[in-house]
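# Structure at a glance
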Amino acid sequence: MSGFGDQKKITNRTRKKIKIDSLKKKIINQAIQLHLKGNIFEAIKIYQQIINQGCDDHRVFLNYAVILRSFGKLKEAELAARKAIEINPDYALAHSNLGTILKDLGKSKEAEFFARKAIEINPDYALAYSNLGTILKDLGKLKEAELVTRKAIKINPEIAE
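Note that the structure is a prediction, hence the values are computed from the model and not measured. (Residues numbered from 1 in each chain as written. Predicted model: local features only at pLDDT ≥ 70, side-chain atom pairs only at ≥ 80, totals over all residues. Heavy atoms only, no water.)

Two packed helices can be described by the angle between their axes and the distance between those axes. Running from N to C, helix H6 (residues 108–121) and helix H7 (residues 126–138) point in directions that differ by 155°, and their axes come no closer than 9 Å. Relative to H7, H6 is oriented roughly antiparallel. Crossing geometry of H6 relative to H7 is assigned as left-handed. In this structure, H6 uses Ser 108, Ala 111, Glu 112, Ala 115, Arg 116, Ala 118 and Ile 119 to contact H7, whose residues at the interface are Ala 128, Tyr 129, Leu 132, Ile 135, Leu 136 and Asp 138. Counted by class, the contact of H6 with H7 contains 9 nonpolar, 1 polar and 3 charged residues. (Axes fitted to C-alpha atoms, helices over the stretch in contact; angles between N-to-C directions. Helix = DSSP H or I, 4+ residues; strand = E, 2+ residues; numbered from the N terminus. Parallel < 35°, antiparallel > 145°, perpendicular 65-115°, else oblique. Left-handed = near helix turned anticlockwise from the far one by under 90°. Contact = heavy atoms within 4.5 Å. Nonpolar A, V, L, I, M, F, W, Y, C, P; charged D, E, K, R; others polar.)

What follows is the structure in structure tokens.
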């Protein structure tokens, strides 16, 4: 049973926060759509703007990391991917992507850790197994590399390449 005083009062401050949050979501979605459509430079501008305004959306940081990696800015990509993980520690894709970035940086042992973490979070994540296989191959762990690569193919036969 509830009385009249039990309802949450929507204040002007609450309405303003809802409007701001809604606008942030629209801007983030706009950046993601630009990115998906291949309009990378426009997406970069928006990602940077959102980040500079104190964004706390893990997708923004991970997408930005993907772009930075594609431009060979591996150190910056690493920082952005780590920030995505800091915001959402259970985001398997961020762990997997950070593993790939670290592999590119020659940090194969640390890369292995993050690839394994991605698999721990999502045991059916074929790409994480594939990435781990590549990392293990680089580390000279060929038998294990073969096993995890076969696991990736079993989960998703399209990854067989």
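The structure having been displayed, the exposition proceeds.
Taken as a whole, this structure holds 3 aromatic pairs when the rule is applied. When the centroid spacing of 5.0 Å and the interplanar angle of 90° are considered together, the rings of Phe 113 and Phe 114 count as edge-to-face. Overall, the relative accessible area of 10% leaves Phe 114 in the buried class. (Phe/Tyr/Trp six-rings, centres within 6.5 Å; stacked < 30°, edge-to-face > 60°. Buried < 20%, exposed > 50% of the residue type's maximum accessible area, 1.4 Å probe, protein only.)

A separate point is helix H5 (residues 92–104). Counted at 1.5 Å a residue, the expected span for H5 with its 13 residues is 18 Å, and the 19 Å between its end C-alpha atoms agrees. Most of H5 is tucked away, with 10 of its 13 residues classed as buried. Of all the positions in H5, only Ala 92, Ala 94, His 95, Ser 96, Asn 97, Leu 98, Gly 99, Thr 100, Ile 101 and Leu 102 are classed as buried. Contacts made by the buried residues of H5 are with helix H3 (58–70), helix H4 (74–87), H6 and H7. Looking one or two places after H5, you find Gly 106, whose phi comes out positive at around 85°. (Expected span 1.5 Å × (residues − 1).)

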